[in-house]
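Read off the chains here:
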Amino acid sequence: MLRIQNVSKTYPNGTQALKNVSFDVADGEFLVIIGLSGSGKSTLLRCINRLIEPTEGKIIWDDVDITAASPAELRKIRRTIGMVFQQFNLVKRSSVLTNVLSGRLGYANPWTSLLGIWPQEDIAQAMQALERVGIAEKAHSRADALSGGQQQRVGIARALMQNPKLILADEPVASLDPVLSHSILQYLEQLNKEGITVICSLHFLDLVHRYATRVVALKDGVKVFEGSAKEIDRAKFKEIYGEEAQEVRAASL
Amino acid sequence: MPLPRLLRNTLITALVIAAFVISYRVTEADFPRLFRDLPKGRELLTAFLTPDVFTRDLETRTVSIVFPVPCGSASVEEVFPAEGPRLVPSVNCAAPLEKFTLQGFDLQPNSEVVIRWRLPDERTMTAIRTQTDANGYFSQEVQARPIQASVNGVASRLEVDTLTPVGGLKPSQALKDVLDNMFVTIFMALLSTTLATLIAAPLSFLAASNITRKGCFGTGVYYLFRSFFNLMRSYDPLVMATVFGFWLSFGPFPGFLALTVVTIASLGKLFSEAVENIDPGPVEALQATGAPPLHTVRYAVVPQIVPDFVSYIIYHWDINVRISTIIGFVGGGGIGYYLNLSINDFKWNQAGTAIWAIVIVVWAMDFLSAEVRKRLT
């Protein structure tokens, strides 16, 4: 159970990215966050694992207050929260295998891993993770030799190395060709069915309808909607995205 | 307001012209002299263009005759040969300060000739140098001097050495010395670059804003190291070499230290900028996995900076070879020191050899570093 309680974020330049946002995420949910660019989706996701420090409010994960955790405790909490990024955030010059293994750094022996030495079981787990996302044969390629879709699958494999209980996915398909969206989201759906909670920000409403068990909408840092995807009618849509918005379907592109 | 603007522009123009007049005066610019003094320059240029690179062994043969100064001061019992290698003076004896002509016949052809006096007390004095023609003949005016006067009935002798090159070309002493000194310079530059890299690489992370500049303490460390690099960079390597030279006396070691200090500052700055220019994405991703800070740097930062670091290191080695040449001039050892010595001894051909060696090495290193940088991405 993840509880987000009255979270606000004001950046040093004065921008208020989140204004008093609260909602709960039950275990096993596939929660989708929608909203325009700049509405605070990325900030919200990064507040959960404190890549960005919230200015106010609390985030409680399995009865532990993440916002009050010491640096060492925070690292322990982060180990159980996987994250997938819009820009994949792979080290381009490193091999795919190394990128996946680096997801294990929170658990690994600090001395040997600093030297780049990994135990057999970690390597086996990394290969297994790569097999799950269907690119085991690319393990020894450089990350930048892979296509965008393949790189995002490496990103998912890296998150899997953490044995996560929660995966935060920040626009995981926004940098990809829209026809590849399902290939990536299906992996997240599969993981969700195995019991991992997923919080994912998305752009396309048809993807939201297809994958979300619940939806939270942000507008200018304020939560303007919380409920099932079906409840988003024309009026709600206009409220979330503004009067000039028109729905675009990923499938129609 | 047209008048004040005109006034202002006129004033600015006048100031600019005055500045240029002053700069022309202080530099004592005298461009016509470039052409007036051309003969001097040509001599230097010819020497530089004919560097002392190869040499041949010289075979020396000596012939001599007795030559009393003044006439009758000694008895002459010697029989002058009529053929074979021989010397024939225009007179058989001379008064002091009298000039006469000395001819040589059937000597070694096309050879350098050294004419000298052997005084009664066995000391020698080189009189003059000349050259034999293809028939082994030379003719040269010689002056008798009071010092060549006979002593107790023993006359001075005129000796002539012919120096004939024999055998194949071999590297000259100058070439060997230049290669030795170039070796010193290249490896001095290599060692100082290596040592500077070992020191600058870890420190550069502390001077990179994206790594250190977090919180009060981090910001302090960041500014401390950033200003440390900037401060050290503001000293010219030449100044540094002079300081170390006075401290540790002159030689390659103080030159090496000066080079190292300057390189630490310069590489530290370049490295920290490379660290600041990385893609922050992977750092964020590894922080999100719960990786410790040092491991985040090792796995997310280091792979990204390796090509930049390597190319800066090679580039700096190249720079250091050039700088250490200059440092050699103030006593830092190596090829610069050798060049300085050659110039001070007016050995222009030898200096030419050193200059050519520097040109070739700098060119080769430039080419090499460009090639390596091309291959690193």
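About the criteria used
- Residues numbered from 1 in each chain as written.
- Chains lettered and ligands numbered in written order.
- Predicted model: local features only at pLDDT ≥ 70, side-chain atom pairs only at ≥ 80, totals over all residues.
- Heavy atoms only, no water.
- Helix = DSSP H or I, 4+ residues; strand = E, 2+ residues; numbered from the N terminus.
- Rg over C-alpha atoms; globule rule 2.2 N^0.38 Å.
- Buried < 20%, exposed > 50% of the residue type's maximum accessible area, 1.4 Å probe, protein only.
- Contact = heavy atoms within 4.5 Å.
- Areas by Shrake-Rupley, 256 points an atom, 1.4 Å probe, with all protein chains shown as cover.
- Lys, Arg positive; Asp, Glu negative; His and termini not counted.
- Charge placed at Lys NZ, Arg CZ, Asp CG, Glu CD.
- Pairing = 2+ DSSP bridges.
- Axes fitted to C-alpha atoms, helices over the stretch in contact; angles between N-to-C directions.
- Salt bridge = Lys/Arg side-chain N within 4 Å of Asp/Glu carboxyl O.
- Nonpolar A, V, L, I, M, F, W, Y, C, P; charged D, E, K, R; others polar.
- Expected span 1.5 Å × (residues − 1).
- Arc of directions from axis to C-beta.
- Patch = residues over 30% accessible without salt bridge, like charges linked within 9 Å, V, L, I, M, F, W, Y side chains within 5 Å.

Participant: Got a sec to walk through the overall build of chain A? Specific residues and values, please.
Facilitator: Counting its regular elements, chain A contains nine helices and ten strands. For 253 residues, the compact-globule formula gives about 18 Å, and the C-alpha radius of gyration of chain A, at 18 Å, lands near that figure. Projecting the C-alpha coordinates of chain A onto the three principal axes gives extents of approximately 55 × 45 × 35 Å. Among the 253 residues that make up chain A, the fraction classed as buried is 53%. When contacts within chain A are restricted to residue pairs at least 6 apart in sequence, those whose partners lie at least 24 apart make up 70%. Accessible area for chain A stands at about 11,100 Å²; split by element, carbon and sulfur atoms hold 50% of it. Here chain A carries 30 positive and 28 negative side-chain charges, and the mean point of each set is 4 Å from the other.

Participant: Go over the pairing of strand S3 (residues 99-105) of chain B, please, and point to the residues and values.
Facilitator: Residue and element names in this part refer to chain B. With burial as the criterion, only one face of S3 is covered, namely that bearing Phe100, Leu102 and Gly104; the residues Lys99, Thr101, Gln103 and Phe105 on the opposite face remain uncovered. Sheet topology places strand S2 (residues 86-89) next to S3; four bridges connect them, and they run antiparallel. In the sheet register, Val88 faces S3, and the bridge partner there is Gln103. As defined by bridge partners, S3 adjoins strand S6 (residues 138-143) across six bridges and the pair is classed as antiparallel. Bridge pairing in S6 places Gln103 opposite Ser139.

Participant: Lay out the sheet that holds strand S8 (residues 197-201) of chain A in plain terms, naming residues and giving numbers.
Facilitator: Residue and element names in this part refer to chain A. Pairing in this open sheet of six strands is mixed, and the strands run S6-S7-S8-S3-S9-S10 from one edge to the other. Looking at which strands have only one partner, the edges of the open sheet turn out to be strand S6 (81-84) and strand S10 (222-227). Between one strand axis and the next, the sheet turns by 15 degrees as a mean value, whatever way the strands run. Relative to S8, strand S3 (residues 30-34) is paired through four bridges, and the arrangement is parallel. From the neighbouring strand, Phe30 faces S8, where its bridge partner is Val198.

Participant: Any chance you could break down the interface of chain B and chain A for me, citing the residues and the numbers?
Facilitator: Every contact between the two is made by 23 residues of chain B and, on the other side, 29 residues of chain A. Where chain B packs against chain A, one counts two salt bridges. Taking the shortest distance from any N to any O, the salt bridge between A:Arg46 and B:Glu284 comes out at 2.4 Å. Taken together, the residues of the side of chain B that touches chain A break down into 13 nonpolar, seven polar and three charged.

Participant: Describe helix H5 (residues 120-132) of chain A, listing the residues and the values that go with them.
Facilitator: Residue and element names in this part refer to chain A. With 13 residues, H5 extends 18 Å from end C-alpha to end C-alpha; this agrees with the ideal 18 Å at 1.5 Å per step. Every buried residue of H5 is accounted for by Asp122, Gln125, Ala126, Ala129 and Leu130. Projected down its long axis, H5 shows its buried positions confined to an angular sector of 140 degrees, all on one face. Turned more than 90 degrees from where H5 packs its buried face, Gln120, Glu121, Gln128 and Glu131 sit exposed. Buried residues along H5 sit against helix H3 (96-101) and helix H6 (148-160). Positive backbone phi, approximately 75 degrees, marks Gly134, located one or two places after H5.

Participant: Before we move on, could you go through a nonpolar patch on the surface and cite the residues and values that matter?
Facilitator: Residue and element names in this part refer to chain B. Taken together, the side chains of Leu45, Leu49, Ile355, Trp356, Val359 and Ile360 present a nonpolar region at the surface, about 560 Å² in accessible area. Elements with a minimum of two residues in the nonpolar patch: helix H3 (38-49) and helix H12 (348-375). With four residues, H12 is the largest single contributor of residues to the nonpolar patch. Structurally, the position occupied by Ile355 is in helix H12. Overall, Ile355 belongs to the partly exposed group, its relative accessible area being 31%.

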